[in-house]
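# Architecture and fold: a report
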Amino acid sequence: MAAIFNLNHHASYVHWHFFQLSVSNLVVILLMIIVFVAAILAPFPSRRATGGSP
Amino acid sequence: MSASEERSWTAAVRERAVATLPPDKLLPDKQPSYVASWIYVFGVLSLSSLAVIILSGTILALKGPGWWHFTGIGHFFNSIHLWSVELFFFVMVIHLWGKYFMAAWRGGRKAVWITGAVTFLVAIPCALTGYVSQQNFDAQWISTQAKDAMNAAGIGSFFNLLNFGQMYSYHILLLPAAVVAIVIGHILLVRKHGVVPPFTVPTSTSQAGRDGAGPGAAESAS
């Protein structure tokens, strides 16, 4: 990952009043929310709907 | 059957186990139609991640710090272990969100919910002790920072982040054993109670929500 992203600097943080969070953690949380919403909305293969266990 | 066989504790345990979880419930080959959604996949994704964690961690424990720090294949397995942990927490939290919004404790499933929540709580110190067991400057930094939190909480005297031997024991034996044991209990409870059904949505044209014919009716009644 270090070869892809330049990690040779201080971590970036989001700071709003008492709330402080590293950008990397914020990215992971946003990804989790995106995957969660996608898991609810994305259609499931129909073969599974009538057949065996997922 | 003789009198001695009837008093056998092994027979009693077997009969109770089979009565609680008959083979078709323990290893079902079909699930209800509502399980056909991606949100139901995150439980088994958590299990898959946990399997990779245990496997890669076992190899790391066998080979030792010199191997995982100074060889290419050691670096590779170290990275497999780290990223499977990241994936484990990623999918486990989505699983938790999904079950929370389904109110998955309905229908006598309180123990299922509690064992899942406890797994999450036990997995956190399991990951922390892993970070401080790396044997590098990152581990030193984390342990010296985290010890202050443990001391402030009053548990530093018996959970010492600066004691590598203790942290390593916690990380490769005590806490993984606890996580795996609770997860096994969690899965058996899911098999016993079945996957929680979705909420019934009552509509003006359907009596499903009122007359108990909907898929969640049995849950809300119980």
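Parameters and conventions
- Residues numbered from 1 in each chain as written.
- Chains lettered and ligands numbered in written order.
- Predicted model: local features only at pLDDT ≥ 70, side-chain atom pairs only at ≥ 80, totals over all residues.
- Helix = DSSP H or I, 4+ residues; strand = E, 2+ residues; numbered from the N terminus.
- Expected span 1.5 Å × (residues − 1).
- Buried ≥ 20, exposed ≤ 12 C-beta atoms within 10 Å, placed from the backbone.
- Core = buried A, V, L, I, M, F, W, Y, C linked by C-beta atoms within 7 Å.
- Contact = placed C-beta atoms within 7 Å.
- Domains from an automatic or database assignment.
- Nonpolar A, V, L, I, M, F, W, Y, C, P; charged D, E, K, R; others polar.

Relative to the 16 Å expected for 12 residues at 1.5 Å per residue, helix α2 (residues 9-20) of chain B spans 16 Å between its end C-alpha atoms, a close match to the ideal helical length. Across the 12 residues of α2(B), zero count as buried, placing the element largely on the outside.

On the secondary structure map, Val190(B) appears in helix α9 (residues 164-193). Linking Val190(B) and Ile124(B), residues 66 residues apart in sequence, is a C-alpha distance of 23 Å.

Counting 14 residues, the largest nonpolar core has Ala39(A), Ile39(B), Phe42(B), Ile53(B), Phe88(B), Val91(B) and Ile94(B) as its most contacted members. With residues near it in sequence (within four places) discarded, Ile53(B) still touches His81(B), Ser84(B), Val85(B) and Phe88(B). Leu128(B), Leu161(B), Tyr170(B) and Leu175(B) belong to the second largest nonpolar core, which has 10 residues in total.

Residue and element names in this part refer to chain B. The assigned domain composition of chain B is domain 1 (41-84) and domain 2 (102-198). On a C-alpha basis, the centroid separation for the pair domain 1 and domain 2 is 17 Å. The interface is formed by six residues belonging to domain 1 together with five residues belonging to domain 2. For the side of domain 1 that touches domain 2, the secondary structure elements donating two or more residues are α4 (42-63) and α5 (65-70). For the side of domain 1 that touches domain 2, the leading source of residues is α4, giving four residues.

Here the focus is the environment of Val201(B). Within the fold, Val201(B) resides in the loop between α9 and α10 (208-211). Counting along the chain gives 115 residues from Val201(B) to Glu86(B), while the straight-line C-alpha distance between them is 36 Å.

To continue, consider the interface of chain A and chain B. Of the residues lining the interface, 12 residues belong to chain A; the matching set on chain B comes to 17 residues. When residues of the side of chain A that touches chain B are traced back to their parent elements, those giving at least two are α1 (23-41) and α2 (46-50) of chain A. In terms of residue count, the dominant contributor to the side of chain A that touches chain B is α1(A) (five residues). Taken together, the residues of the side of chain A that touches chain B break down into nine nonpolar, two polar and one charged.

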